[in-house]
Amino acid sequence: MRPPVLRAVHIHPVKSLAGCEPGEAAVEPWGLDGDRRWMLVDTTGRAVTQRQQPRMALVSAVPLPGGGIGLSAPGSAPLAVEVPEPGCTVPVALHRSTIEVVEAAAAAHTWFSERLGTEVRLVHLDAPGTRRLIDPAYARPGETVGFADGYPLLLTSSASLDALNSLIAQGDHADEGPLPMNRFRPNVVVDGTAPWAEDGWDRIAIGDVPFRVVKPCDRCVITATDQGTAERGKEPLRTLARHRRVGQDLLFGQYLIPDGTGVIRVGDPVRILG
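Predicted model only: the values in this text are computed from it and were never measured.

K.L.:
What should I look at first to understand helix α3 (residues 158–169) in this one?
P.N.:
Because each turn of an α-helix spans 3.6 residues, side chains separated by three or four positions in sequence point in the same direction. With 12 residues, α3 extends 17 Å between its outermost C-alpha atoms, agreeing within 8% with the 16 Å of an ideal straight helix rising 1.5 Å per residue. Among all positions in α3, only Ser158, Ala159, Ser160, Leu161, Ala163, Leu164, Asn165 and Ile168 are buried. Those residues of α3 that are buried are in contact with β1 (5–9), β12 (153–157), β13 (188–191), α4 (237–243) and β17 (249–258).

Written out as structure tokens, the structure is:
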């Protein structure tokens, strides 16, 4: 088997929206540059994701110079959103975290509320190095994360997806497969490994940037949401429940915490350090 390489880099500028695949990305202590620095919240200040609003899959966000984002959706005029001016922050809730954020301009709130048919606000994480700590059971003191579910990066492998799709093809909902990688919303995708090899990794390097592999990713209903239609099915959760269940968790992919900074590029070697 050839040595593992980085096959793809994925950035999701707004949490739970469609993202983009740049050829390279800068690794910051809290994740990839531009990844999940924006988020939608409801009128109570709680995060809104595809779990509640599957139609978010149909809205795309791309990074703009200076940290802003470009938004687009079928049948809608595009909207450019600038980084809000520093100033008054407001608290919002993401899972069990309360985070101070800055609200985007009112036009962004209106644009999203019209797209989703419910009142939402767009918020920006202005200081990711200070706002939200990673679970100390898996992180070192002071390590932070942006609006990702809990950890700076998510890694998946092509071989594991191929193996999962083979299992789906043997099940009761074979017509839903094969599933594309965007169902799993990773940051980095690795080629050239055995299926599920990432389960045994503790430390890796992508190019010159080292990472700790801290825990497997427990999958939710977003993986059963077709990212092109926003329709929900049964897979991959049915198959993960049969073949990749540990306790109540259905596992696919591994979370990473950077041990350094730098730029990673598609084609970079992926070295297994431990």
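K.L.:
Hey, could you run me through helix α1 (residues 106–116) in this one?
P.N.:
Within the sequence span of α1, burial applies to Ala108, His109, Trp111, Phe112, Ser113 and Leu116. The inward-facing, buried residues of α1 contact β4 (38–41), β7 (69–72), β8 (79–81), β10 (97–103) and β11 (121–124). At the exit of α1 stands glycine 117, carrying a positive phi of roughly 75°.

K.L.:
Which parts of the structure should I look at to understand the sheet that holds β7?
P.N.:
Pairing is antiparallel in the open sheet, where 3 strands are placed in the order β6-β7-β8. Here the strands that pair on one side only, and so sit at the sheet edges, are β6 (60–63) and β8. On average, adjacent strands in this sheet sit at an angle of 25° to one another, irrespective of strand direction. Along the sheet, α1 makes contact with β7 and β8, crossing β8 at roughly 135°.

K.L.:
Got a minute to help me understand empty space enclosed by the protein in this structure?
P.N.:
Rolled over the atoms, a probe sized like a water molecule indicates the empty space that remains. Applying the stated criterion across every chain yields a total of 1 cavity of 30 Å³ or more. Counted as a void, the largest cavity has a volume near 30 Å³. Of the residues assigned to the lining of the largest cavity, the class counts are 5 nonpolar, 2 polar and 2 charged.

K.L.:
Any chance you could explain unusual backbone geometry here in plain terms?
P.N.:
Trans is the prevailing form of peptide bonds, just as negative phi is the prevailing case for residues other than glycine. Here the bond from glycine 177 into proline 178 is cis, since omega is -5°, no more than 30 degrees from zero. Its place among the elements puts proline 178 in the loop between α3 and β13. Between glutamate 235 and proline 236 the backbone carries a cis peptide bond, its omega angle lying at 10°. Position of proline 236 among the secondary structure elements: in the loop between β15 (209–218) and α4. Phi at serine 16 is positive, roughly 80°, even though this residue is not glycine. Along the chain, the position of serine 16 falls in the loop between β1 and β2 (24–28).

K.L.:
Can you walk me through the pairing of β10 in this structure?
P.N.:
Remember that side chains alternate between the two faces of the sheet whenever the strand is regular. Two elements, strand β9 (residues 90–94) and β10, share 5 bridges in a ladder whose sense is antiparallel. Across the sheet, the residue bridging to proline 91 is glutamate 100, located in β10. The turn linking β9 back onto β10 is made up of 2 residues, and histidine 95 within it adopts a positive phi angle of 55°. As paired strands, β10 and β11 are joined by 2 bridges and run antiparallel to one another. In the strand pairing of β11, glutamate 103 is matched with valine 123.

K.L.:
Explanation requested: the sheet that holds strand β18 (residues 262–265) in the structure shown.
P.N.:
Two strands in a sheet stick together by hydrogen bonds in their backbones, pointing the same way (parallel) or opposite ways (antiparallel). Pairing within the open sheet is antiparallel, and its 3 strands lie in the order β3-β2-β18. Whereas interior strands pair on both sides, the edge strands pair on one side only; in this sheet they are β3 (31–32) and β18. Looking at chain direction, β2 and β18 are connected through 4 bridges and run antiparallel. Bridge pairing in β18 links alanine 25 to isoleucine 264.

K.L.:
How do you make sense of the environment of alanine 73 when you look at a structure like this?
P.N.:
Along the chain, alanine 73 turns up in the loop between β7 and β8. Residues alanine 73 and glutamate 28 lie 45 residues apart in sequence; the distance between their C-alpha atoms is 29 Å. Filtering out sequence-adjacent residues up to four positions away, alanine 73 remains in contact with Leu58, Val59, Trp111 and Arg115.

K.L.:
Explain the pattern of salt bridges here, please?
P.N.:
Where side chains of opposite charge bring their charged atoms close, a pairing between them can arise. The final tally for this structure, using the stated rule, is 12 salt bridges. Between arginine 7 and aspartate 191 there is a salt bridge; the shortest N-O distance is 3.6 Å. Linking arginine 7 in strand β1 with aspartate 191 in strand β13, this pair joins segments that are 184 residues apart in sequence. Arginine 7 gets classed as partly exposed once you look at its relative accessible area, which sits at 48%. Residue aspartate 191 is classed as buried on the basis of its relative accessible area of 15%. Look at the salt bridges and you will find they share partners, linking Arg140, Glu143, Arg212 and Asp259 into a network.

Rules of the game
- Residues numbered from 1 in each chain as written.
- Predicted model: local features only at pLDDT ≥ 70, side-chain atom pairs only at ≥ 80, totals over all residues.
- Heavy atoms only, no water.
- Helix = DSSP H or I, 4+ residues; strand = E, 2+ residues; numbered from the N terminus.
- Expected span 1.5 Å × (residues − 1).
- Buried < 20%, exposed > 50% of the residue type's maximum accessible area, 1.4 Å probe, protein only.
- Contact = heavy atoms within 4.5 Å.
- Pairing = 2+ DSSP bridges.
- Axes fitted to C-alpha atoms, helices over the stretch in contact; angles between N-to-C directions.
- 1 Å grid on protein atoms, 1.4 Å probe; cavity = no way out; pocket = protein on both sides within 12 Å on 5 of 7 lines; lining within 4 Å.
- Points joined across faces, edges and corners; volume = space filled by probe spheres on them.
- Nonpolar A, V, L, I, M, F, W, Y, C, P; charged D, E, K, R; others polar.
- Salt bridge = Lys/Arg side-chain N within 4 Å of Asp/Glu carboxyl O.

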